[in-house]
Amino acid sequence: MKWTLEVVIVPVSDVDRAKAFYSDKVGFDVDHDTKIGEGQRIVQLTPPGSGCSVVIGEGVVSPMPPGSLKGLQLVVNDVAKAQAELAERGVDVTDVQVLGENPTPTPEPLDNVGFCFFNDPDGNSWAVQQISSRS
């Protein structure tokens, strides 16, 4: 049996601000923005190429404090390029950092150990890791 993670709820205080951040600055695709009723809205966004989406919303999502989700992680095949794209779009992203060392040499020195980090406007935290074999 195959189990896939398809959706992660990200708690935000302002749905429009978060939607703009994730779509315009981070580059996620907006799958849908649905108003169900007064004070009830769901916005689903997906990182390009990902099988897992994030959902933000109001009135119909889990009641978590905005900014309380820590440690979400994206994987890319070129962390330096991803970091540059995020910075160019206005995301306050760290420089690329090497965390640890590979147990065996890899053709790409940043594979597995190259990261950059950013927070959304509410303080939910994200890591971006390089694993070039997943491209």
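Note that the coordinates shown come from a computational prediction; the quantities given were computed from them, not determined experimentally.

**Q** An account of helix α1 (residues 15-25) is needed here, citing residue identities and associated values.
**A** Residues of α1 that are buried include every one of Val15, Ala18, Phe21, Tyr22 and Ser23, and no others. Buried-residue contacts for α1 involve β2 (29-37), β3 (40-46), β4 (53-58), β7 (114-119) and β8 (125-130). With a side-chain oxygen positioned 3.1 Å from the backbone nitrogen of Asp16, the residue opening α1 is Asp14. Gly27 sits one or two positions beyond α1 and adopts a positive phi of about 95 degrees.

**Q** Quick rundown of the sheet that holds β7? Include the residues and the values.
**A** Strand order in the open sheet formed by four strands is β5-β8-β7-β6, and the pairing between neighbours is mixed. This sheet does not close on itself; its edge strands, each paired only once, are β5 (72-76) and β6 (97-98). One ladder, built from five bridges, connects β7 with β8; its direction is antiparallel. The residue bridging Asn119 from the neighbouring strand is Ser125, located in β8. Running at roughly 20 degrees to β7, helix α2 (residues 79-88) makes contact with β5, β7 and β8 of the sheet.

**Q** Tell me about the pattern of salt bridges, residues and numbers included.
**A** The tally for this structure, following the rule as stated, stands at four salt bridges. One salt bridge in this structure joins Arg17 and Asp122, with 3.0 Å as the shortest N-O distance. Here Asp122 lies in the loop between β7 and β8 and Arg17 lies in helix α1, a separation of 105 residues in the sequence. Owing to a relative accessible area of 19%, Asp122 belongs among the buried residues under this scheme. Residue Arg41 is joined to Asp33 by a salt bridge in which the shortest nitrogen-to-oxygen separation is 2.8 Å. Three or more residues joined by partner-sharing salt bridges are found here, namely Asp16, Lys19, Asp33 and Arg41.

Calculation notes
Residues numbered from 1 in each chain as written. Predicted model: local features only at pLDDT ≥ 70, side-chain atom pairs only at ≥ 80, totals over all residues. Heavy atoms only, no water. Buried < 20%, exposed > 50% of the residue type's maximum accessible area, 1.4 Å probe, protein only. Helix = DSSP H or I, 4+ residues; strand = E, 2+ residues; numbered from the N terminus. Contact = heavy atoms within 4.5 Å. Polar contact = N/O pair within 3.5 Å; in protein donor to acceptor, adjacent residues only side chain to side chain. Pairing = 2+ DSSP bridges. Axes fitted to C-alpha atoms, helices over the stretch in contact; angles between N-to-C directions. Salt bridge = Lys/Arg side-chain N within 4 Å of Asp/Glu carboxyl O.

These figures capture arrangement, not role.
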